[in-house]
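# Examining the three-dimensional arrangement
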Amino acid sequence: MTDPFELWSYLAEEPLLWLTVTLAAYVIADRIAEALRRHPLANPVLIAIILIALVLTISSTPFEAYFEGAQFVHFMLGPATVALALPLYDNLGRVRKTLLPMLAALLAGAVTAIGSALGIAYALGVRGEALLSLAPKSATAPVALGVSQAIGGEPTLTAVLVILTGITGAIVATPLLNALRITDWRARGFAVGLAAHGIGTAHAFRVNSTAGAFAGIGMGLNAMLTALLAPLVVGALF
Amino acid sequence: MIQNVAILLLFQLGGELASRGFGLPVPGPVIGLAALFATFIALPRLADRMRETTSGLLAHLSLLFVPAGVGVTAHLGTFAENGLALAAALIGSTTLAILAGVWAFILTAKLTGAAADD
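What you see is a predicted model; the values in this text were computed from it and never measured.

### Regarding the layout of surface pockets
Remark: the empty space left among the atoms is shown by a probe the size of a water molecule rolled over them. Residue and element names in this part refer to chain A. Within this model, the largest pocket holds a volume of roughly 910 Å³. As for the largest pocket, its lining consists of 40 residues, and the residues nearest its centre are H74, L77, T140, A141 and P142. In terms of residue class, the lining of the largest pocket is built from 25 nonpolar, 13 polar and 2 charged. Residues from two domains meet in the lining of the largest pocket; each of domain 1 (4–75) and domain 2 (83–237) gives at least three.

### Focus: the packing of aromatic side chains
Tallying each qualifying case throughout the model produces 6 aromatic pairs over all chains. Three or more aromatic residues joined by ring pairs make a cluster, and in this case those are A:W18, A:F63, A:Y66 and A:F67.

### Focus: the UniProt feature "transmembrane region" (unreviewed entry) in chain A
All names here are of chain A. Taking the UniProt record as the reference, the feature "transmembrane region" (unreviewed entry) is found at residues 15–33, 45–63, 69–89, 101–124, 157–177 and 213–237. From the first C-alpha to the last, residues 45–63 spans 17 Å; its make-up is 79% helix and 0% strand. With 96% helix and 0% strand, the stretch residues 101–124 has end C-alpha atoms that lie 33 Å from each other.

### Observations regarding the UniProt feature "transmembrane region" (unreviewed entry) in chain B
All names here are of chain B. When the UniProt feature table is mapped to this numbering, "transmembrane region" (unreviewed entry) covers residues 28–46, 58–78 and 84–106. Helix makes up 95% of residues 28–46 and strand 0%, with an end-to-end C-alpha separation of 21 Å. In the segment residues 84–106, helix accounts for 100% and strand for 0%; the C-alpha atoms at its two ends are 33 Å apart.

### Side note on the domain arrangement of chain A
Accessible area lost upon the coming together of the parts is a frequently used measure of interface size. Residue and element names in this part refer to chain A. When the domains of chain A are assigned, the result is domain 1 (4–75) and domain 2 (83–237). If you average the C-alpha positions of domain 1 and of domain 2, the two centres end up 27 Å apart. At the interface, 9 residues of domain 1 touch 5 residues of domain 2. Considering only the side of domain 1, the residues that lose the most area to domain 2 are P40, N43 and L46, jointly responsible for 55% of the buried surface there. There are 1 salt bridge connecting domain 1 and domain 2. Residue R206 pairs with D30 through a salt bridge whose shortest N-O separation is 3.2 Å. Scanning the region where domain 1 abuts domain 2 turns up 2 residue pairs in polar contact (both at pLDDT 80 or more). Counting only elements with at least two residues in the side of domain 1 that touches domain 2, the list comes to α2 (15–35) and α3 (44–58). Looking at which element gives the most residues to the side of domain 1 that touches domain 2, the answer is α3, with 3 residues.

### Points about the interface of chain A and chain B
Taken together, the contacts link 90 residues of chain A with 68 residues of chain B. When chain A packs against chain B, the two sides together hide about 7100 Å² of surface, and 83% of this comes from carbon and sulfur. When residues of chain A are sorted by the area they lose upon contact with chain B, A:V82, A:L86 and A:Y89 head the list and together hold 9% of the total. B:R51 is the partner of A:D90 in a salt bridge, and the nearest nitrogen-oxygen pair spans 2.4 Å. In this structure, the connection of chain A to chain B is made through 3 residue pairs in polar contact (both at pLDDT 80 or more). The element contributing the most residues to the side of chain A that touches chain B is helix α11 (residues 155–179) of chain A, with 14 residues. Here the residues of the side of chain A that touches chain B are counted per class, giving 65 nonpolar, 17 polar and 8 charged.

### A word on the environment of A:M102
Structurally, A:M102 is set in helix α8 (residues 99–123). We classify A:M102 as buried; its relative accessible area is 3%. A sequence separation of 89 residues divides A:M102 from A:A191, and the C-alpha atoms of the two residues are 9.0 Å apart. Residues contacting A:M102, with those up to four places away along its chain left out, are A:V95, A:F190, A:F214, A:I217 and B:F105.

### Topic: unusual backbone geometry
Residue and element names in this part refer to chain A. Despite not being glycine, R181 shows a phi value in the positive range, around 55°. Residue position: R181 is located in the loop between α11 and α12 (185–207). R181 sits in the exposed class, given a relative accessible area of 73%. A positive phi angle, close to 35°, is found at H197, a residue other than glycine. A relative accessible area of 3% places H197 in the buried class.

### Focus: helix α2 (residues 28–42) of chain B
The end-to-end C-alpha distance of α2(B) is 21 Å, a good match for the 21 Å that 15 residues give at a rise of 1.5 Å each. All of the buried residues in α2(B) are B:G28, B:P29, B:V30, B:G32, B:L33, B:L36, B:F37 and B:F40. The inward-facing, buried residues of α2(B) abut α5 (77–83), α6 (85–90), α7 (92–97) and α13 (209–237) of chain A together with α1 (2–21) and α3 (44–59) of chain B.

Quick notes on the rules
- Residues numbered from 1 in each chain as written.
- Chains lettered and ligands numbered in written order.
- Predicted model: local features only at pLDDT ≥ 70, side-chain atom pairs only at ≥ 80, totals over all residues.
- Heavy atoms only, no water.
- 1 Å grid on protein atoms, 1.4 Å probe; cavity = no way out; pocket = protein on both sides within 12 Å on 5 of 7 lines; lining within 4 Å.
- Points joined across faces, edges and corners; volume = space filled by probe spheres on them.
- Nonpolar A, V, L, I, M, F, W, Y, C, P; charged D, E, K, R; others polar.
- Domains from an automatic or database assignment.
- Phe/Tyr/Trp six-rings, centres within 6.5 Å; stacked < 30°, edge-to-face > 60°.
- UniProt positions renumbered as here; feature names shortened; annotations may be inferred.
- Helix = DSSP H or I, 4+ residues; strand = E, 2+ residues; numbered from the N terminus.
- Contact = heavy atoms within 4.5 Å.
- Buried area = accessible area lost by both parts, 1.4 Å probe.
- Salt bridge = Lys/Arg side-chain N within 4 Å of Asp/Glu carboxyl O.
- Polar contact = N/O pair within 3.5 Å; in protein donor to acceptor, adjacent residues only side chain to side chain.
- Buried < 20%, exposed > 50% of the residue type's maximum accessible area, 1.4 Å probe, protein only.
- Expected span 1.5 Å × (residues − 1).

Shown next, in the form of structure tokens:
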């Protein structure tokens, strides 16, 4: 038998181990969510993140080593975003009919996302960099990080806020909209995509394919609007 | 399948080039999405050919956010200083943004006669 230390240094250097851990953690997280009958709080992304973070802490693995393997999964985000063109195309008729509702929802949602985040945080005493980092949090990560840098926020904090916003949206959306008896999947999907970007869109796809298609549009449009709006709002307020 | 993945990558690449080349505020993959959507309208046959690959990819969209999410756990310290206030802002503002979006959509759909069809 090989020296276990040698074996470990092989595994620690190759991407294989952490790629496997990422997929396995997701499968386990999905099973857990299933076992909890898809309770909104049992979000598979959140559970998988916690499981992997625990493994990394216990094995004292730095994030960079983990990402050597996980980057292959992370990379697929780009092609998957492009792939959203198909559900969008499949819903072309619905999309054409709802151009005005989408525009109204986009404006109302984007202004509310930026304004209420700044308002609540300011009222609770958050100031300076931390406050500015909050402004673009509903936009998809690459846009949010760029905006944060441009308006004087802290991109690392924005990254944390963006991911937490996505998970919050995925957890809150279904119970909230069910309680309000909102049955229009177009409206539900669009609002979740604009408020909670890709993680919200992934959640919408699990619930309903029309909701998923509209969530993808909401995410894309809000990425553009936040990039334009956040600097204006911040410039006007501070 | 390989051909379809190559098409997705090609559109992403084109999007990245456009985004960086012209300094657009929109990320490359989102431009790629819009360009592929326009291509589907022009070439409906392409959409049918790519259906299996894209739906396979989108069925597991959640998984793709896991590595970035793990990355974030290393920076939770930046969150700790204003933790409670930021958490309240996130939960409050995400909820309000969903409500504002849903209501604006439904109200405008009623006014313009674009009632739900399902």
